[in-house]
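# Notes for the structure review
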Amino acid sequence: MLITDVRVRKIAKVGKMKAVVSITIDNEFVVHDIKVIEGEKGLFIAMPSKKTADGEYRDIAHPINSETRSILEETILQKYRESLESEEEELV
C-alpha cells in the first residue's frame with residue numbers, strides 16, 4: 001500500500017480537532033474525513049466514523065492492523081506538520 005496523496009484542511013477554530021485530511025491510496029482509492037486531533041499525549045488521527053442509533057461512533061473505514069495504522073498516522077501527521085511550517089513561512 002502506498003499513500004500517493006495527502007490533502008490537509010486545517011480547522012481555524014480553537015479546540016482539539018486541528019485538521020481534516022483526505023488520503024489517496026495507490027492513486028486508486030480515497031478516504032475522506034480523517035481527523036487530526038490534539039490529545040493529552042500529542043497528535044493522533046481518528047478515522048472517519050458515523051454515529052449509530054445507540055449513540056456510539058463506529059469507524060466507516062479503518063486499518064486492520066497496527067502496522068498499517070502506524071504508516072497512516074506517521075504519513076498524515078508529517079503532512080500536517082509540513083502544512084503548519086509552510087503556513088508559518090508565509091507569515092514571515
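As shown above, the structure is provided for reference.
Below, the structure is looked at part by part. (Residues numbered from 1 in each chain as written. Predicted model: local features only at pLDDT ≥ 70, side-chain atom pairs only at ≥ 80, totals over all residues. Heavy atoms only, no water.)

### Overview of the pattern of salt bridges
Taken as a whole and assessed by the stated rule, the structure comprises 3 salt bridges. For Asp5, the salt bridge identified is with Arg7, shortest N-O distance 2.6 Å. According to the relative accessible area criterion, Asp5 is partly exposed, its value standing at 25%. Salt-bridge contacts for Glu82 lead to Lys79; the nearest nitrogen and oxygen are separated by 3.9 Å. In this pair, Glu82 and Lys79 are both assigned in helix H1 (residues 66–91), 3 residues apart and thus about one turn of the helix distant. (Salt bridge = Lys/Arg side-chain N within 4 Å of Asp/Glu carboxyl O. Buried < 20%, exposed > 50% of the residue type's maximum accessible area, 1.4 Å probe, protein only. Helix = DSSP H or I, 4+ residues; strand = E, 2+ residues; numbered from the N terminus.)

### A closer look at the nonpolar core
Residues Val21, Ile23, Ile34, Val36, Ile45 and Ile76 are the most contacted members of the largest nonpolar core, which totals 15 residues. Sorting the residues of this core by element identifies strand S1 (3–10), strand S2 (17–25), strand S3 (29–39) and H1 as the ones contributing at least two each. When neighbours within four sequence positions are excluded, Val36 is seen to be in contact with Lys16, Met17, Lys18, Ala19, Val21, Leu43, Phe44, Ile76, Leu77 and Tyr80. (Core = buried A, V, L, I, M, F, W, Y, C linked by side-chain atoms within 4.5 Å. Contact = heavy atoms within 4.5 Å.)

### So, the sheet that holds strand S4 (residues 42–46)
Within the open sheet, the 4 strands sit side by side as S1-S2-S3-S4. Their pairing is antiparallel. Strands at the two margins of the open sheet, each flanked by one partner only, are S1 and S4. Averaged over all pairs of adjacent strands, the angle between their axes in this sheet comes to 25°, without regard to strand direction. As paired elements, S3 and S4 share 5 bridges and run antiparallel to each other. Across the sheet, Ile37 pairs through a bridge with Phe44, a residue of S4. (Pairing = 2+ DSSP bridges. Axes fitted to C-alpha atoms, helices over the stretch in contact; angles between N-to-C directions.)

### Some remarks on the pairing of S3
Pairing between S2 and S3: 7 bridges, direction antiparallel. For Ile23, the partnering residue across the bridge sits in S3 and is Val31. Counting the residues in the hairpin turn of S2 and S3 gives 3 residues, including Asp26, whose phi is positive at 55°.

### Observations regarding the environment of Phe29
Tracing the backbone through its elements, the reader meets Phe29 in strand S3. According to the relative accessible area criterion, Phe29 is exposed, its value standing at 51%. What Phe29 contacts, discounting residues up to four positions off in sequence, is Ile23 and Thr24.

### Some points on the side chain of Thr24
Relative to the helices and strands, Thr24 is located in strand S2. With residues near it in sequence (within four places) discarded, Thr24 still touches Leu2, Ile3, Thr4, Asp5, Phe29 and Val30.

### Let's talk about unusual backbone geometry
Of note in this structure, Asn27 is not a glycine but carries a positive phi near 55°. Residue placement: Asn27 occurs in the loop between S2 and S3. Phi at Asp33 takes a positive value of approximately 65°, unusual for a residue other than glycine.

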